[in-house]
Amino acid sequence: MRAVVFYGPDDLRCEDIPTPTPALGGLVLRIEAALTCGTDVKTLRRGHPVMIPHVPTVFGHELAGTVVAVGPGTRGFREGDRVVAANSAPCGQCPLCRAGRPNLCEDLLFVNGAYGEYIALPPRLVERNVVRLAAGTPAARAAFAEPLACALLGIERGRVEKGMTVAVIGHGPLGCLLALVVAQRGARPLLVGKPGWRLDRVRSLGIAECLDAGQAGDLATLLRDVTGGSGVDVAVDATGRPEVWEQAVAAVGRGGTVVFFGGCAPGTTVTLDTRRVHYEELALVGAFHHTPVLIRQAVALLESEALVPDGLLTHTMGLADVPEALGLMERGQALKVLIEPNTA
Ligand SMILES: [Zn+2]
Ligand SMILES: [Zn+2]
C-alpha cells in the first residue's frame, strides 16, 4: 500500500509499504478521510517524543475509515463498519485512569498512520477508542472527532456556561473548534487572531466575532474594551506562546478562568500577577488531549450536526501531497487539508 512515512525532522516520504494485517483483537481500516493537524507540522519540524517514540513510522493521526479486516477475537466490529478511531487509548489501570482522568494516563498508547491507504488499529484502541459511525455521516466530518474532543476538554476545563463571554486566542483550526464549542454551549465566543488570509477566512465562516490581535496595542485592553471594561469570563490560549498565556491571564475579569490549551516550547516560563490571581480568584488550568467519553461526545455532536466543522476544510489532496499540505498549514495558507488516501 501507499503510505506517508516519517523518518525524522523534515524527512517525510510517500512509499510502498506492506499492507497491515489485523492483530489479535485488532482491526485494519481502509482510510476514507485523514485531516492535517498543527501537531503534524510541529512533529515534522522537531519530532515528537510522546506521539512518535520511534522512527521510521507511518504518520498522521486524524482519520475515519471502513473496517476491511477483523483480527481473531476482536469483538464489536464487522467488515464494512464505518468508524472513527482516536489517535490514542488510555490503559484503564493506572491511578489517573482510575481517578477518571484518562487523558493523563501514564501509559497512553499512541497510534499513527492516518496518511496511508490502510491502518492497523491495536486491540487497546479498538476496545476503548474506536466508534462506529451512522450510515450517512461523511468521513471528512467524522475525522474531526479527535481534534473536536480536545476542544471539548478545553471548554470543560474552562467551566464554560451559557451566557459567558469566552475569548479564544489563536485562529488556527483548534481555535476555531474551541469557538464552535463555545457557541454550541450558548456562550459568546470572541476569536482573536492575526490579520491575514486565515482570519478573513474564519471571519467569513461566521464562527465567532473575530478580533485582530494587534488592534488595540495589547490583548487585555482589546478584550476589556469589548466587554465594557470587565474582562472576559474565560480566556483560552490556543497559540502555545508564553507571552499569549500572560495576556490571557490579563484579559480575564474577576473570578475568571484561563485555559492553557496550547502547549508551549519546552523550558519556557511565564510571569504572574500574584495579587490578581489571589484576590480575584482566577482559576488557571491546563488542558491536554482527550478522553474516550469526549471522543464519543464529539462523534455525537458531529452526527447530530449540533456542531458542523466542514468550513474548516480549505483544501482536498491525495497522499503524495501531504508534504505540500503541511507546508500550507505551516505558512497559514490552510486551516485543515482533507487527505483522501484512496482517491486517485
Ligand atoms: Zn490533531
Ligand atoms: Zn492509564
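Above: the structure in question.
Summarised in this report is the structure supplied together with it. All figures in this text were calculated on a predicted structure; none of them were measured in a lab.

### Examining unusual backbone geometry
Peptide bonds are, in most cases, trans, and in most cases residues other than glycine have a negative phi. A cis amide bond links Val55 to the next residue, Pro56, at an omega of -5 degrees. By the element assignment, Pro56 lies in the loop between α1 (38–46) and β4 (57–58). Phi is positive for Asp10, close to 60 degrees, though the residue is something other than glycine. Although it is not a glycine, Glu305 adopts a positive phi angle of roughly 60 degrees. Considering the arrangement of structural elements, one finds Glu305 in the loop between α11 (292–303) and β17 (313–317). Relative accessible area serves as the criterion here: at 49%, Glu305 is assigned to the partly exposed category.

### With respect to helix α12 (residues 322–330)
An α-helical turn contains 3.6 residues, so a residue and the one three or four places further along point in the same direction. Taken together, the buried positions of α12 are Val322, Ala325, Leu326, Gly327, Leu328 and Met329. On its buried face, α12 sits against β1 (2–8), β2 (11–16), α1, α6 (173–184), β17 and β18 (336–339).

### A closer look at the coordination of the zinc ion (ligand 2)
Protein-derived coordination of the zinc ion (ligand 2) comes from Cys91 (SG), Cys94 (SG), Cys97 (SG) and Cys105 (SG), at a distance range of 2.3 to 2.4 Å. Viewed at the metal, the four donor atoms of the zinc ion (ligand 2) are separated by angles of 102 to 118 degrees, and the geometry they form is tetrahedral. Considered as a linear motif, the donors of the zinc ion (ligand 2) on their single chain read C-x2-C-x2-C-x7-C. Taken as a pair, Cys91 in the loop between β7 (88–89) and α2 (95–98) and Cys105 in the loop between α2 and β8 (109–110) lie far apart in primary sequence, 14 residues in all. Overall, Cys91 belongs to the buried group, its relative accessible area being 11%. With relative accessibility at 9%, the residue Cys105 sits in the buried group.

### What to know about the packing of helix α5 (residues 145–157) against α6
Packed helices, taken two at a time, are described by the angle between their axes plus the distance between the axes. Two elements in contact, α5 and α6, have axes separated by 9 Å at closest approach and are oriented at 60 degrees. Taken together, the axis directions place α5 and α6 in an arrangement best described as oblique. Remark: the crossing between α5 and α6 carries right-handed chirality. Residue-level inspection shows Pro147, Leu148, Cys150, Ala151, Leu152 and Ile155 of α5 in contact with α6, the latter providing Leu174, Leu177, Leu178, Val181 and Val182. Residues of the contact of α5 with α6, tallied by class, amount to 11 nonpolar, no polar and no charged.

### Describing the coordination of the zinc ion (ligand 1)
Protein-derived coordination of the zinc ion (ligand 1) comes from Cys37 (SG), His61 (NE2) and Glu62 (OE), at a distance range of 2.1 to 2.4 Å. Linear spacing of the donor residues for the zinc ion (ligand 1) on their chain is C-x23-H-E. Remark: His61 occurs in the loop between β4 and β5 (63–70) and Cys37 occurs in the loop between β3 (27–35) and α1; sequence separation between them is 24 residues. In this structure, Cys37 and His61 share a single accessibility class: buried.

What counts and what doesn't
- Residues numbered from 1 in each chain as written.
- Chains lettered and ligands numbered in written order.
- Predicted model: local features only at pLDDT ≥ 70, side-chain atom pairs only at ≥ 80, totals over all residues.
- Heavy atoms only, no water.
- Helix = DSSP H or I, 4+ residues; strand = E, 2+ residues; numbered from the N terminus.
- Buried < 20%, exposed > 50% of the residue type's maximum accessible area, 1.4 Å probe, protein only.
- Contact = heavy atoms within 4.5 Å.
- Donors = N, O, S within 2.8 Å, 3.2 Å for Na, K, Ca; no water.
- Tetrahedral: all angles 85-135°; square planar, octahedral: opposite > 155°, others 65-115°.
- Axes fitted to C-alpha atoms, helices over the stretch in contact; angles between N-to-C directions.
- Parallel < 35°, antiparallel > 145°, perpendicular 65-115°, else oblique.
- Left-handed = near helix turned anticlockwise from the far one by under 90°.
- Nonpolar A, V, L, I, M, F, W, Y, C, P; charged D, E, K, R; others polar.

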